[in-house]
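Read off the chains here:
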Amino acid sequence: MSILIVVERETFEIAKQKTSFETSYYVSNSELETECINSLAEELAQAIRYHWGVESNNWIRDVTFNEDRTKTKLGNQAQIMALLRGLAIELIRKKSPKNFQAAIEKLADSVSTLESMLKQVNFL
């Protein structure tokens, strides 16, 4: 038996002042037991949120950090750079910026702003 999950999303793009709607469908082969339906629903919702969190990070890596076009030649340099990008993403997410690209540019332009942010998220 399979479970069909339907997620409807409404997204508002600030720059274009445009609202879009999207419907996503997910199929799970989890067993559905009536006494555990609420916990299963929460577990599946968490799995979907996690999936989109990973997709969001991949998008930031591709678009904001231009990771696919970055060439590395030395040993494990690509892995080290990927880890640093991941660290940067997680640290910036702790500040919940409205515009991720603008947050990166602000931190890159000002060492004191970067230091202040790292202190706020208890990194320093």
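Residues numbered from 1 in each chain as written. Predicted model: local features only at pLDDT ≥ 70, side-chain atom pairs only at ≥ 80, totals over all residues. Heavy atoms only, no water.

Undergrad: Just checking my understanding: could you explain the packing of helix H1 (residues 37-64) against helix H2 (residues 77-94) for this structure?
TA: Helix-helix packing is described using two parameters, namely the angle between the two axes and the distance between the axes. For the pair H1 and H2, the least separation of the axes is 11 Å and the interaxial angle reads 115°. Like other packed secondary-structure pairs, H1 and H2 cross with a definite hand, here right-handed. Of the residues in H2, those touching H1 at Ser56, Asn57, Ile60 and Arg61 are Ala82, Arg85, Gly86, Ile89, Glu90 and Arg93. Looking at side-chain class alone, the contact of H1 with H2 contains three nonpolar, three polar and four charged residues. (Axes fitted to C-alpha atoms, helices over the stretch in contact; angles between N-to-C directions. Helix = DSSP H or I, 4+ residues; strand = E, 2+ residues; numbered from the N terminus. Left-handed = near helix turned anticlockwise from the far one by under 90°. Contact = heavy atoms within 4.5 Å. Nonpolar A, V, L, I, M, F, W, Y, C, P; charged D, E, K, R; others polar.)

Undergrad: Can you help me understand the packing of H2 against helix H3 (residues 100-109) in this one?
TA: The interhelical angle for the contact between H2 and H3, taken along N-to-C directions, is 105°, at an axis separation of 11 Å. When the interaxial angle is binned, H2 and H3 end up roughly perpendicular. Judged by residue contacts, Ile89, Ile92 and Arg93 of H2 engage Phe100, Ala103, Ile104 and Leu107 from H3. Looking at side-chain class alone, the contact of H2 with H3 contains six nonpolar, no polar and one charged residues. (Parallel < 35°, antiparallel > 145°, perpendicular 65-115°, else oblique.)

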